[in-house]
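# Structure at a glance
Now for the letters of each chain:
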Amino acid sequence: MEKLVALSGVVKSYSDTSVLTGIDLDIDQGELIVLLGPSGSGKTTLLNLIAGIDTANSGEILVLGKDLSKMTDLELTEYRRDSVGYIFQFYNLLPNLTVIENASLGLELKGEKLDYAEVILEKVGLEDKSQRFPAQLSGGEQQRVAIARAMAKTPALIVADEPTGNLDKNNSKSVRNLFKEIANNATIIIATHDNDYLEIADKAYELNEGKLIKIK
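Residues numbered from 1 in each chain as written. Predicted model: local features only at pLDDT ≥ 70, side-chain atom pairs only at ≥ 80, totals over all residues. Heavy atoms only, no water.

With six of six residues buried, strand S8 (residues 187–192) is to be regarded as a mostly interior element. Residue alternation in S8 divides its side chains into two sets, Thr-187, Ile-189 and Ala-191 and Ile-188, Ile-190 and Thr-192, and both sets are buried. When strand S3 (residues 32–36) meets S8, the two strands line up parallel, connected through five bridges. If you follow Leu-35 over to S8, its bridge partner there is Ala-191. Where strand S7 (residues 157–161) lies against S8, five bridges are found, and the strand directions are parallel. (Buried < 20%, exposed > 50% of the residue type's maximum accessible area, 1.4 Å probe, protein only. Helix = DSSP H or I, 4+ residues; strand = E, 2+ residues; numbered from the N terminus. Pairing = 2+ DSSP bridges.)

Here it is in structure tokens:
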């Protein structure tokens, strides 16, 4: 069976600083993967490589059977638009757009109908706040909008970078439960320093000195 994500010997450095020193990682469709490690360990770099935002110095990154290193800029743009939902720690919502407008962004970029965004908002429990603006929401609600935005375009892969790093304990638990619920519909990779994510992970790895160590 073809892996949804397959990394082999991936190396990444910036100037004279080595960040990833030979990463091997296979991810099956429908798996929820957790990457643990402290700030600065390279978790975000690894997510950005898989999401096609950054490029490796060497090694192979296959996603959906395609080698990202061989894609043109246009192909990478289409890959990010069509196949990847990215959830940021700081939400990255547009302040002048309503909740439903923020959730619909990915669908608009794909030229698809926006009705599905309303369905997703219901799944994340925000259907009654669709006309509010981000500033009118709590941190947990803003993060759920960000998750809805990633889900709405039905990507094959969702990557989340410290998605609960700015949330309190109750909101963090709510968002973790939401990831567990949506894991049936997409492959999810979560980078975090929160060990509580081990409870929902199918597999978990620690990033340490540029290497991945499987811990679950």
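This part takes up the confidence of the model for the protein. As a note on interpretation, predicted positions should not be read in detail where pLDDT is low. Put simply, the protein has an average pLDDT of 87, and 94% of its residues get 70 or more. Mean pLDDT per element in the protein: helix H4 (residues 105–110) is the minimum at 68, and S3 is the maximum at 95. (pLDDT = per-residue confidence, 0-100.)

Here the focus is the side chain of Asn-102. Inspection of the secondary structure puts Asn-102 in helix H3 (residues 99–103). With a relative accessible area of 0%, Asn-102 lands in the buried category. Those residues in contact with Asn-102 that sit more than four places away from it in its chain are Leu-93, Leu-94, Leu-97, Pro-134, Val-145 and Arg-149. (Contact = heavy atoms within 4.5 Å.)

Applying the stated rule across the entire model yields eight salt bridges. Linking Asp-28 and Lys-3 is a salt bridge whose minimum nitrogen-to-oxygen distance equals 2.9 Å. Within this pair, whereas Asp-28 is found in the loop between strand S2 (17–27) and S3, its partner Lys-3 is found in the segment before strand S1 (5–14), the two being separated by 25 residues in sequence. Sharing partners across several salt bridges, the network here consists of Arg-176, Asp-194 and Asp-196. (Salt bridge = Lys/Arg side-chain N within 4 Å of Asp/Glu carboxyl O.)

On to the packing of helix H6 (residues 139–152) against helix H7 (residues 169–182), then. Taken N-terminus to C-terminus, the directions of H6 and H7 make an angle of 15 degrees; their axes are 10 Å apart at the nearest point. The angle between H6 and H7 places the two elements in the roughly parallel class. Our pair here, H6 against H7, has a crossing hand that is right-handed. Contacts from Gly-140, Gln-143, Arg-144, Ile-147 and Met-151 in H6 reach Asn-171, Val-175, Leu-178, Phe-179 and Ile-182 in H7. (Axes fitted to C-alpha atoms, helices over the stretch in contact; angles between N-to-C directions. Parallel < 35°, antiparallel > 145°, perpendicular 65-115°, else oblique. Left-handed = near helix turned anticlockwise from the far one by under 90°.)

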